[in-house]
Amino acid sequence: MSKKPAAHANRPTQNIRAEEAVIGKILGSAETFWAVSDRLTGDQFSVPHHRAIFKAVQECCEQGPGPSLSLLEAKLPTEFEGEGAVEAVLQILIEKASDVTNALDFVDDIILAWRERARIELGKVATAAGKTFDDTREDIDALLRVVDDHDRVRHAVRVGDAARAATEKAAEAFQHKGRRAVGVLTRIEEIDLAIGPQIGGTAITLAGASGHGKSGLLAQIFRNGAAASLDPSSVFPSLLISMEMSQIQNAYRNLASMTGISVRKQISGDFNQKEFMDLQSAKTSLDAMPIYVQDRGRLTIDEIEKEIRIAVRRYGIKQAGIDNLKLIRPSRDNWSLVQTIEEATARTKALAKELDIVIWQLAQLTRDGQKTGNWRFRAADIYGGGLVVENSDLVLGVAVPIVWLRENKPEPPSEANPRGREVFDKWLKDMEVLKHKAEFAAFKVRDGRGETWKEMDFDGPRMLFGGIDREPIPF
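About the thresholds
Position numbers for residues count from 1 along each chain, tracking the sequence in the order it is written. Predicted model: local features are reported for residues with pLDDT of at least 70 only, side-chain atom pairs are reported and counted for 80 or more only, and whole-chain, interface and lining totals are derived from all residues. The side-chain quantities take in all heavy atoms of the structure and omit both hydrogens and water. Under the DSSP-based scheme used, a helix requires at least four consecutive residues in state H or I and a strand at least two consecutive residues in state E, with every element numbered from the N terminus. It is over C-alpha atoms that the radius of gyration is taken, and the globule rule equals 2.2 Å times the number of residues to the power 0.38. When a residue's accessible area, from a 1.4 Å probe over protein chains only, is under 20% of the maximum for its type it is buried; when over 50% it is exposed; and in between it is partly exposed. Helix axes are fitted only over the stretch in contact, all axes being lines through C-alpha atoms; the angle between N-to-C directions runs from 0 to 180 degrees. Orientation is classified from the angle alone, with under 35 degrees giving roughly parallel, over 145 giving roughly antiparallel, 65 to 115 giving roughly perpendicular, and any other angle giving oblique. We call two residues in contact when some of their heavy atoms are within 4.5 Å. Under the convention adopted here, Pro, Cys and the residues Ala, Val, Leu, Ile, Met, Phe, Trp and Tyr are nonpolar, Asp, Glu, Lys and Arg are charged, and Gly plus all remaining residues are polar. The pairing criterion is simple: DSSP has to find at least two bridges between the two strands. Any Lys or Arg side-chain nitrogen found within 4 Å of a carboxyl oxygen on Asp or Glu counts as a salt bridge. Only centres within 6.5 Å qualify two rings of Phe, Tyr or Trp (six-membered ring in Trp) as a pair; their planes then separate them into stacked at under 30 degrees, edge-to-face at over 60, and tilted for everything else. Two conditions define a charge located above a ring, namely a distance within 6 Å from the ring centre to NZ of Lys or CZ of Arg, and an angle within 35 degrees of the ring normal. What a helix is expected to span follows from its residue count: subtract one and scale by 1.5 Å. Side-chain atoms within 4.5 Å are what join buried Ala, Val, Leu, Ile, Met, Phe, Trp, Tyr and Cys residues into a set we call a nonpolar core. Distance and chemistry together define a polar contact, namely a pair of N or O atoms within 3.5 Å, with one atom able to donate a hydrogen and the other to accept it when in protein, and with adjacent residues in sequence counting only for side-chain atoms on both sides. Handedness of a crossing is defined here by the sense of rotation of the near helix relative to the far one, left-handed for an anticlockwise turn of less than a right angle and right-handed for a clockwise turn. Confidence per residue, as judged by the predictor, is encoded in pLDDT with a range of 0 to 100. By arc we mean the arc of the directions from the helix axis to the C-beta atoms, nothing more.

A. Representation of the overall build of the protein chain in the model. Counting its regular elements, the protein chain contains 18 helices and 12 strands. In terms of C-alpha radius of gyration, the protein chain reaches 29 Å, well past the compact-globule figure of 23 Å for 475 residues. Seen through its C-alpha atoms, the protein chain measures out along the principal axes to roughly 105 × 65 × 50 Å. Within the span of the protein chain, comprising 475 residues, buried residues form 43% of the whole.

Okay, here's the thing in structure tokens:
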């Protein structure tokens, strides 16, 4: 029986000629180094002294006038083990590259060989003995992250190149104008009119007092984005890092929002046959939505980043939510809660850009921010200080007036309080007028700042914001 050939046996793990060509051409030429360094790093060379030379050239170019041979010899050891004196090795490499017209012609060969080495290393990591599943997964993720870092452009790009990418996106948006949005929408009309579609790389802080529906609003946004559609590009898989509620509690709330059957009734089984069928129908809809919940309790920002990276790889998520910032465990024992939140918001902003996703982070209010005399607050009242706002691309506030009114019921008029009639009558009127209303404010948007509070419809029993079953907004 013939032996089956090994898959991809002809893929080289190194290309010495390509490495010599690139190294030989960058010696003494800063211009050539800058051209190839947009795509190559020293770690992608297979030969140890090639790696050392590339890194020395990089240091000369980044910190000085360029890679002169005298500077390079000062930065490198006197000789390379097994190769000879540094001066002689550099001269040989220059001579070997004398017939090379363009170093860029050899870059792809180096990258392909490096990828093959990475593939082999990935197999070794995956099959390493003596490790738990979690240890192996963590090592694989770390290796894949290295590959991603090399694949991603890490240098500044020309504004013309960025403009080209922007106009391509604008052309795509124009092509689909009136049919679908290019970007993530909340699909809540009032909010989308205020902030528009959000592109990958956006960090959004959603703030509000406890009990005013932040978690419910985020759940609604995720359901709206993950609902089945004839246009697959308008479905946005999402991950919720839930540090306060369990997966089951989140499920109860989603089912209550979709059916109007309260969490209490679901837990007690106090519903009829029709309501049971409604729950089953909602469950089927949720089954079809690519929404994932991680409920491991309080996590550090390192652990949160890890979970989001895994979800991007495993599920292709386009949105992630953190509920909430105050529950993030500090990275250091001596850190205050404010320091923890400041670090977390800076890290999530960078992570959103790196992974090209939208990250929502729920924020609480300071004690003083909850004593403003009504349900409205300012961006300065968000717990964590001004850096939370600074570290966010978008800052939204949400409030449910009737919740505040219930918590601040005035004393009814009586013989002991004869002058309370006017205040109490106003409270009763507000309770009636505002019982189906919520308010939101876009404190910070990409084109400026503003703290104007705007009204939107609100279904309290179902914790639904905005008009229900409206047509999508054409952007």
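B. Examining the packing of helix H10 (residues 214–226) against helix H11 (residues 247–259) more closely. Contact geometry for H10 and H11: axes closest at 11 Å, N-to-C directions at 75°. It follows from the interaxial angle that H10 and H11 lie roughly perpendicular. Here H10 contributes Ser215, Ala219 and Arg223 to the contact with H11, which in turn contributes Arg253, Asn254, Ser257 and Met258. When the residues that make up the contact of H10 with H11 are grouped by side-chain class, the tally is two nonpolar, three polar and two charged.

C. Inspection of the pairing of strand S7 (residues 358–363) at higher detail. The buried fraction of S7 amounts to six of the six residues, a majority that puts the element mostly inside the structure. In this sheet, S7 lies alongside strand S3 (residues 202–207) in parallel orientation, the contact comprising six bridges. Bridging across to S7, Ala203 finds its partner in Ile359. Looking at chain direction, strand S6 (residues 319–323) and S7 are connected through four bridges and run parallel. By the bridge assignment for S7, Ala320 is matched with Ile359.

D. Focus on the environment of Asp287. Relative to the assigned elements, Asp287 resides in helix H13 (residues 273–287). Residue class for Asp287 comes out exposed when judged on its relative accessible area of 54%. When the C-alpha positions of Asp287 and Thr136 are compared, they lie 30 Å apart, and in sequence the two are 151 residues distant.

E. Looking closely at the pattern of salt bridges. Enumeration according to the criterion identifies 25 salt bridges in this entry. The closest approach of N and O atoms between Arg17 and Asp99, which form a salt bridge, is 3.1 Å. Of this pair, Arg17 sits in helix H1 (residues 16–26) while Asp99 sits in the loop between helix H5 (86–96) and helix H6 (107–126), and the two are 82 residues apart along the sequence. On the basis of relative accessible area, Asp99 is assigned to the exposed category, the value being 57%.

F. Structural context of the packing of aromatic side chains. Going through the model one piece at a time under the given rule, you end up with 11 aromatic pairs. Centroid distance Phe33 to Trp34: 5.1 Å. Interplanar angle 65°. Geometry classified as edge-to-face. Clustering of aromatic rings is evident, with ring pairs tying together Phe33, Trp34, Phe45 and Phe54. Over the aromatic face of Tyr383 sits the side chain of Lys326, whose NZ or CZ is 4.5 Å from the ring centroid.

G. Examining H10 more closely. Its 13 residues give H10 an end-to-end C-alpha distance of 18 Å, which sits within 8% of 18 Å, the value for a rise of 1.5 Å per residue. Of all 13 residues in H10, 11 are buried, a share of seventy percent or more. Of the positions making up H10, those classed as buried are Lys214, Ser215, Gly216, Leu217, Leu218, Gln220, Ile221, Phe222, Arg223, Gly225 and Ala226.

H. Inspection of unusual backbone geometry at higher detail. The amide bond that connects Asp323 to the next residue, Asn324, takes the cis arrangement and shows omega of -5°. Mapped onto the elements, Asn324 comes out in the loop between S6 and helix H15 (337–355). Although it is not a glycine, Met463 sits at a positive phi angle of roughly 50°. One can find Met463 in the loop between strand S11 (453–459) and strand S12 (464–465). Note on Met463: relative accessible area 29%, which makes it partly exposed.

I. Region of interest: the nonpolar core. Ranked by size, the top nonpolar core spans 69 residues in total, and within it Ile304, Ile308, Trp360 and Phe465 carry the most contacts. Counting residues in each nonpolar core, the second largest holds 31 residues, with Ile23, Val57, Cys60 and Leu93 among its members.

J. Structural detail: the environment of Asn224. By the secondary structure assignment, Asn224 is in helix H10. Here the alpha-carbon distance between Asn224 and Ser46, two residues 178 residues apart in the chain, equals 48 Å. Excluding residues within four positions of it along the chain, Asn224 makes contact with Thr186, Arg187 and Ile188.

K. Quick look at the side chain of Ser392. Residue position: Ser392 is located in the loop between helix H16 (386–390) and strand S8 (394–399). Within the structure, Ser392 has its side chain in polar contact with the side chain of Thr205 (distance 2.6 Å). There is a polar contact of 2.6 Å between the side chain of Ser392 and the backbone oxygen of Val388. Discounting chain neighbours no more than four positions away, the residues touching Ser392 are Ala203, Thr205, Gln361 and Lys444.

L. Representation of the packing of helix H2 (residues 30–37) against helix H3 (residues 48–63) in the model. Look at H2 against H3: their axes get within 10 Å of each other, and the N-to-C directions meet at 110°. The angle between the axes of H2 and H3 places the two elements in the roughly perpendicular class. The element H2 and its partner H3 pack so that their crossing is left-handed. Within the contact between the two elements, H2 uses Ala30, Phe33, Trp34 and Val36 and H3 uses Phe54, Val57, Gln58, Cys61 and Glu62.

M. Structural context of the confidence of the model for the protein chain. When pLDDT is averaged along the protein chain, the result is 86; 90% of the residues meet or exceed 70. Ignoring residues within four places in sequence, the model shows residues 1–8, a span with pLDDT below 50, making two contacts including any to other chains.

N. Here's a closer look at H5. Considered for burial, the residues of H5 that qualify are Val86, Val89, Leu90 and Leu93. Across the axial projection of H5, the buried residues extend over an arc of 100°, all falling on one side. When the buried face of H5 is taken as reference, the exposed residues oriented beyond 90 degrees from it are Glu87 and Glu95. Elements in contact with the buried residues of H5: H1, H3, helix H4 (69–75), strand S1 (79–80) and strand S2 (84–85).

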